[in-house]
Amino acid sequence: MYRIVDKKQLTPLIYSLWVEAPRIASSAKPGQFLIVRTGENGERVPLTICDYDTRKGTVRIVVQIAGVSSSKICHLNVGNYLTDVAGPLGKPSDFMEIPEDDLKDKRYLFVAGGVGAAPVYPQAKYLYERGAHVDVIIGARNKDLIIMEDEMRKVCTNLYICTDDGSKGEKGVVTLLMERLCAPSGTQNGTEGAFSGDFAPSGTQNGTEGAFPGDFAPSGTQNGTEGAFPGEAGVVPYDMCVAIGPMIMMKFATLMAKKLELPITVSLNTLMVDGTGMCGACRVSVAGKTMFACVDGPEFNGYDVDFDEALRRQTLYRKEEQEANAAAGLDLRR
Amino acid sequence: MANKIDRVPVREQDPKVRATNFEEVCYGYNAQEAMLEASRCLNCKKPRCVDACPVGINIPAFVHQVLEGDFKGAYDTISQDSSLPAICGRVCPQETQCEGSCILGVKGQSVSIGKLERFVADYNQEHLEQVQYSEAHHNNFRERIEERRECIRQMRSGFVKREGDAAVKVAVIGSGPAGLACASDLAKLGYNVTIFESLHKPGGVLTYGIPEFRLPKKAVVEKELQKLIDMGIKIETDVFVGRTVTIDDLMDKEGFKAVFVGTGAGLPMFLGIPGENLNGVFSANEYLTRNNLMQAFSKESDTPIFRAKKVCVVGGGNVAMDAARTALRLGSEVTIVYRRTEKELPARAEEVHHAMEEGIRFQMLTNPVEVLGDENGWVRGIRCIRMELGEPDESGRRSPVPIQGSEFEIETDALIVALGTKINRLIADTTPGLETDRKGRLLTTETATSRKGVFAGGDVVTGAATVILAMGEGRKAAAAIHRYLRGDGSL
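Attention here is on the structure that accompanies the text. Values in this document were obtained by computation on a predicted structure and should not be read as measured data.

Some thoughts on the sheet that holds strand S14 (residues 264–267) of chain A
The strands that make up a sheet are held in pairs by hydrogen bonds between backbone atoms, and each pair lies either parallel or antiparallel.
Residues and elements named next belong to chain A.
Line of reasoning, step 1. As summarised here, the arrangement of the 7 strands in space is S12-S11-S10-S9-S13-S14-S17, forming an open sheet in which the pairing is mixed. The open sheet has two free edges, formed respectively by strand S12 (170–171) and strand S17 (299–301), since each of these has just one partner strand.
Line of reasoning, step 2. Alignment of S14 against S17, held across 3 bridges, turns out to be antiparallel. Across the sheet, Ser 267 pairs through a bridge with Glu 299, a residue of S17.
Line of reasoning, step 3. Docked against the sheet, helix H7 (residues 247–260) engages strand S9 (107–113), strand S13 (240–244) and S14, running at close to 175° with respect to S14.

Okay, here's the thing in structure tokens:
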């Protein structure tokens with residue numbers, strides 16, 4: 001049993017919890033995830049690690065209510081217990097292998113969609129504390145789904161925020177900001193709404209409960225430029241992009257990164273059961289080979305991921321989830 | 001003189017009824033039936049059954065005790081060599097082990113040793129638990145005091161260097177059959193044993209893999225586990241060794257003097273054919289884990305399971321039978337697709353028999369070559385090729401050869417792949433100095449790995465095998481660990 005020591009509501013549907021889990025607190029690394037279970041009949045829910053405090057022996061998770069299981073987790077209060085917290089699972093981020101001294105010269109662009117800001121946070125923090133240049137884009141459907149803004153600002157060089165409806169930050173989707181940040185200086189205003197059409201599959205985002213439920217509903221683009229953009233003529237201003245959020249966002253972030261010739265890492269929020277490589281529910285095609293997101297990932301080279309298959313596989317239990325949500329009287333309309 | 005009667009039949013749930021529930025299929029013998037069956041034993045001078053038992057249970061002795069109605073004595077006899085008799089009596093492939101070598105089986109039917117073992121364990125559980133517990137406790141206590149004295153003597157002589165309390169800590173990684181057998185023996189020897197389990201419930205394959213209708217969880221598995229806990233063994237769940245903590249951490253920081261790796265072979269293999277990632281293709285591990293560990297068959301469970309109209313299961317082992325019979329109970333029409341013939345099916349004879357009785361279709365000499373999907377990426381069928389048996393392969397079984405041009409389609413909504421499992425390399429990758437072969441199996445010499453103080457046994461050493469073989473290896477490792485800790489081993 002794992003005691004909840006702190007709880008904050010970040011938005012109407014998103015909660016932050018600090019949980020006592022000393023073993024995980026001392027072994028967790030950026031890029032890894034946990035499996036959380038509530039109650040004897042509880043599902044094993046994969047969630048990203050948002051932060052950890054080795055001294056206190058606690059880990060922080062950020063959960064969005066997306067179904068029955070996440071709702072159960074979010075309804076627990078300080079002093080209550082999670083039945084199980086297992087982890088850290090998956091491989092740490094690739095940059096953990098880079099000697100710390102070399103990180104000073106690196107330039108990273110993070111793209112966080114909705115609750116994806118939570119797993120981006122420890123990565124940005126790790127890199128920023130080691131002297132890397134870290135820019136972070138947080139995008140969501142509207143201002144109520146933008147989380148961790150102040151905390152993120154402390155662990156990055158520049159923070160950019162966008163919302164589909166313009167209720168906070170720029171109006172537009174994350175790819176627009178990606179493109180503008182990478183555009184040669186002086187040409188930012190030339191950005192056109194070329195991607196609005198590509199973002200056709202509205203409603204593809206499903207209620208799949210899983211690692212990083214988030215929010216992303218692409219809408220029209222917007223050309224308004226604000227702030228400084230770091231691009232230099234003819235040079236992509238980043239060594240690496242990391243995109244974490246809903247699968248559909250990562251798909252389009254990857255398409256944009258390809259266009260910008262920017263290497264990109266994505267963190268896949270597939271279905272999982274055990275999270276230890278035992279079941280294969282999380283399998284994804286990466287460069288034509290079947291990989292298990294739980295043990296071979298969760299982070300992969302975005303260029304190699306078959307996103308359409310991954311999106312389709314996320315819908316496997318959609319019918320069962322909808323029935324369960326209805327039976328529990330859960331209203332997820334915002 | 002042995003009673004020359006036919007094997008006493010065992011009572012079972014009616015196939016039509018049991019196809020719709022998850023309750024145990026076999027009811028087992030009652031005392032009269034068990035004594036009658038025991039009367040068939042010839043009590044051979046050179047009992048071949050004992051040699052064929054991976055843990056060497058003194059079978060004629062316990063059978064004789066059953067015949068005399070001494071069920072407690074029979075239990076003690078079995079317990080000398082097996083820590084999980086209620087489980088082994090249910091899941092051992094007796095027909096290739098003890099019963100397979102029974103002399104009665106040459107011309108007729110062997111003694112039903114497995115059912116007798118199960119009876120003894122169940123009877124003990126129901127009627128003699130209290131007595132058994134207190135006596136075992138008593139013996140264990142005496143044994144422990146002696147062990148502690150021995151420990152102190154060893155400490156003084158410098159064999160075991162320890163500070164603090166009088167117990168030597170041993171870590172067992174994995175709470176499946178190998179780990180449980182190893183932990184049980186080590187605890188009996190007086191060691192301070194902690195089992196680390198990655199899932200939220202202990203038992204390994206006994207919990208996540210083997211279904212309720214074959215091995216009841218509450219009535220059998222949990223009770224056997226409780227006995228180990230009563231012996232003083234600690235079980236720490238949610239610890240994925242290699243990620244949560246490493247073997248180095250356990251030995252250097254947490255003071256474990258020896259480690260047993262019994263992590264099994266848990267990674268499911270897939271077919272490697274087109275369409276394998278379509279919606280509706282599952283590993284048997286996933287399907288069974290959802291249903292057994294996560295109890296997805298129950299309305300109370302939050303974990304969903306895919307309920308298909310038609311299910312094909314590819315494979316012919318116990319896991320394939322388990323997956324097929326689970327699907328049947330969840331309401332599917334089930335076909336097992338196997339590339340050899342009924343004769344070569346590696347599953348226990350009883351499971352095949354039960355599966356057939358329950359109405360599972362067997363499509364023999366058939367191998368899938370492609371999973372077919374509909375326009376939305378969901379399984380609609382499998383394309384198969386017919387096989388014929390060719391020359392025997394290294395396993396001695398005639399190897400199947402595809403018949404050119406014989407492709408045909410089977411309509412199905414789901415495909416469950418039960419083709420075996422391979423080893424998760426995590427422990428080897430996170431433990432410096434631990435050597436493996438190409439398949440990731442840990443290399444051992446009499447259960448000792450290439451790392452000092454680290455021992456291994458079960459599927460992680462042998463590749464996927466059976467519960468009883470893993471238990472046998474776990475017991476061997478416990479003996480080796482004991483020798484190592486006393487300083488009279490070869491290490």
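Considerations on the packing of aromatic side chains
All names here are of chain B.
Line of reasoning, step 1. Applying the stated criterion to the full structure yields 14 aromatic pairs over all chains.
Line of reasoning, step 2. Geometrically, the ring pair formed by Phe 71 and Phe 119 is edge-to-face, given 4.9 Å between the ring centres and 90° between the ring planes. Taken together, the residues span a long stretch of sequence, with Phe 71 in helix H5 (residues 71–79) and Phe 119 in helix H9 (residues 113–157) at a distance of 48 residues.
Line of reasoning, step 3. Of the residues examined, Phe 71 reaches a relative accessible area of 7% and is grouped as buried.
Line of reasoning, step 4. Their ring planes at 40° and their centres at 5.4 Å tell us that Phe 282 and Phe 306 sit as a pair that is tilted. With Phe 282 in strand S6 (residues 281–283) and Phe 306 in the loop between helix H14 (284–291) and strand S7 (310–314), this residue pair connects regions lying 24 residues apart in the sequence.

Thoughts on the pairing of strand S2 (residues 14–20) of chain A
All names here are of chain A.
Line of reasoning, step 1. Buried residues dominate S2, accounting for 6 of its 7 residues.
Line of reasoning, step 2. Bridge analysis of strand S1 (residues 2–11) against S2 gives 6 bridges, and the strand direction is antiparallel. Paired with Thr 11 across the strands is Ile 14, a residue of S2.
Line of reasoning, step 3. Linking S1 back to S2 in an antiparallel pair, the connection comprises 2 residues.
Line of reasoning, step 4. As paired elements, S2 and strand S6 (residues 58–64) share 7 bridges and run antiparallel to each other. What sits directly across from Glu 20, in S6, is Thr 58.

Procedures and definitions
- Residues numbered from 1 in each chain as written.
- Chains lettered and ligands numbered in written order.
- Predicted model: local features only at pLDDT ≥ 70, side-chain atom pairs only at ≥ 80, totals over all residues.
- Heavy atoms only, no water.
- Pairing = 2+ DSSP bridges.
- Helix = DSSP H or I, 4+ residues; strand = E, 2+ residues; numbered from the N terminus.
- Contact = heavy atoms within 4.5 Å.
- Axes fitted to C-alpha atoms, helices over the stretch in contact; angles between N-to-C directions.
- Phe/Tyr/Trp six-rings, centres within 6.5 Å; stacked < 30°, edge-to-face > 60°.
- Buried < 20%, exposed > 50% of the residue type's maximum accessible area, 1.4 Å probe, protein only.

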